[in-house]
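Descriptive structure summary
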Amino acid sequence: GHVGTVIRLNTDSKTVTVCWDSEAICDYRVGHENAYDLRVFDNGPVGARHPGVTCAGGHDSIIGFRFKCLHCPDFNFCTHWYMNESSHDMAHTFCQFDTDDDLMVQKLPLRVQSEKLKAQGIFKDAIVTRGKDASLSYM
């Protein structure tokens, strides 16, 4: 459940270096040996948008991941509303789109059967200072 930041993409070895919010720095596979060690928490900060698609939860537009209900026509959620347990039937199947030009990225497991984890890391209103190695550390 911890959140980190990719600080280096190592294309030759198909790995990335991640700086975790705890200041630990580690390498992880992103295709090396056909394995993937990480999950993307949010792609909104890199500009992922879905023009013309509104969130059924009330947001005018969807920035970041888009979640589409496969049972209800034209029913989409942003990440915030998809993670909200009271927002829609938990037994409905959703698929995830990373960008507006993606085909269905993946069919997701039913939310009613999914384990819910609290993301731990640096979020809004965090106090940020410089660490001993000139990277950022967080309090």
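Residues numbered from 1 in each chain as written. Predicted model: local features only at pLDDT ≥ 70, side-chain atom pairs only at ≥ 80, totals over all residues. Heavy atoms only, no water.

Considering the pairing of strand 6 (residues 66-69)
For a regular strand, side-chain orientation follows a simple rule: the groups alternate between the two sheet faces. Of the strand pairs in this sheet, strand 6 and strand 8 (residues 94-97) are connected by 4 bridges, and their pairing is antiparallel. Along strand 8, the bridge assignment pairs Phe67 with Gln96. Here strand 6 pairs with strand 7 (residues 76-77) via 2 bridges, running antiparallel. The partner of Phe67 across the bridge, within strand 7, is Phe77. (Pairing = 2+ DSSP bridges. Helix = DSSP H or I, 4+ residues; strand = E, 2+ residues; numbered from the N terminus.)

Thoughts on the sheet that holds strand 9 (residues 106-107)
Pairing in this open sheet of 4 strands is antiparallel, and the strands run 7-6-8-9 from one edge to the other. Looking at the sheet topology across the chains shown, the edges are occupied by strand 7 and strand 9.

What about the packing of aromatic side chains?
Two descriptors summarise a pair of aromatic rings, namely the distance from one centre to the other and the angle between the planes of the rings. Summed over all chains, the structure comprises 6 aromatic pairs. Taken together, a centroid distance of 4.0 Å and an interplanar angle of 5° make the contact between Phe67 and Tyr82 stacked. Highlighted residues: Phe67 in strand 6 and Tyr82 in helix 1 (residues 79-83), separated in sequence by 15 residues. Residue class for Phe67 comes out buried when judged on its relative accessible area of 3%. Classification of Tyr82 as buried rests on a relative accessible area of 7%. Considering the side-chain rings of Phe77 and Phe94, the 6.0 Å spacing of their centres and the 15° angle between planes classify their relative orientation as stacked. With Phe77 in strand 7 and Phe94 in strand 8, this pair connects stretches of sequence that are 17 residues apart. Ring-pair connections join several aromatic residues into one group, and the members of that group are Phe65, Phe67, Phe75, Phe77, Tyr82 and Phe94. Taking NZ or CZ as reference, Arg66 lies 4.4 Å from the ring centre of Phe97, over its face. Residue placement shows Arg111 over the ring face of Tyr82; its charged tip is 5.1 Å from the ring centre. (Phe/Tyr/Trp six-rings, centres within 6.5 Å; stacked < 30°, edge-to-face > 60°. Buried < 20%, exposed > 50% of the residue type's maximum accessible area, 1.4 Å probe, protein only. Lys NZ or Arg CZ within 6 Å of the ring centre and 35° of its normal.)

Considerations on the side chain of His50
Note on placement: His50 falls in strand 4 (residues 49-50). On the basis of relative accessible area, His50 is assigned to the buried category, the value being 1%. Leaving out residues up to four positions away in the same chain, His50 has contacts with Ile62, Gly64, Phe65, Arg66, Phe97, Asp98, Thr99 and Asp100. (Contact = heavy atoms within 4.5 Å.)

Thoughts on the nonpolar core
Counting 13 residues, the largest nonpolar core has Phe67, Phe77, Tyr82 and Phe94 as its most contacted members. Beyond its immediate stretch of four places on either side in the chain, Tyr82 contacts Phe67, Phe77, Ser87, Phe94, Leu108, Pro109 and Arg111. (Core = buried A, V, L, I, M, F, W, Y, C linked by side-chain atoms within 4.5 Å.)

Some details on the side chain of Arg66
As for its placement among the helices and strands, Arg66 is situated in strand 6. Within the buried core, Arg66 has no salt-bridge partner, and the shortest N-O distance to an opposite charge, that of Asp74, equals 6.0 Å. A distance of 2.7 Å separates a polar atom in the side chain of Arg66 from a polar atom in the side chain of Asn76. With residues near it in sequence (within four places) discarded, Arg66 still touches His50, Val53, Asn76, Phe77, Cys95, Gln96 and Phe97. (Lys, Arg positive; Asp, Glu negative; His and termini not counted. Salt bridge = Lys/Arg side-chain N within 4 Å of Asp/Glu carboxyl O. Polar contact = N/O pair within 3.5 Å; in protein donor to acceptor, adjacent residues only side chain to side chain.)

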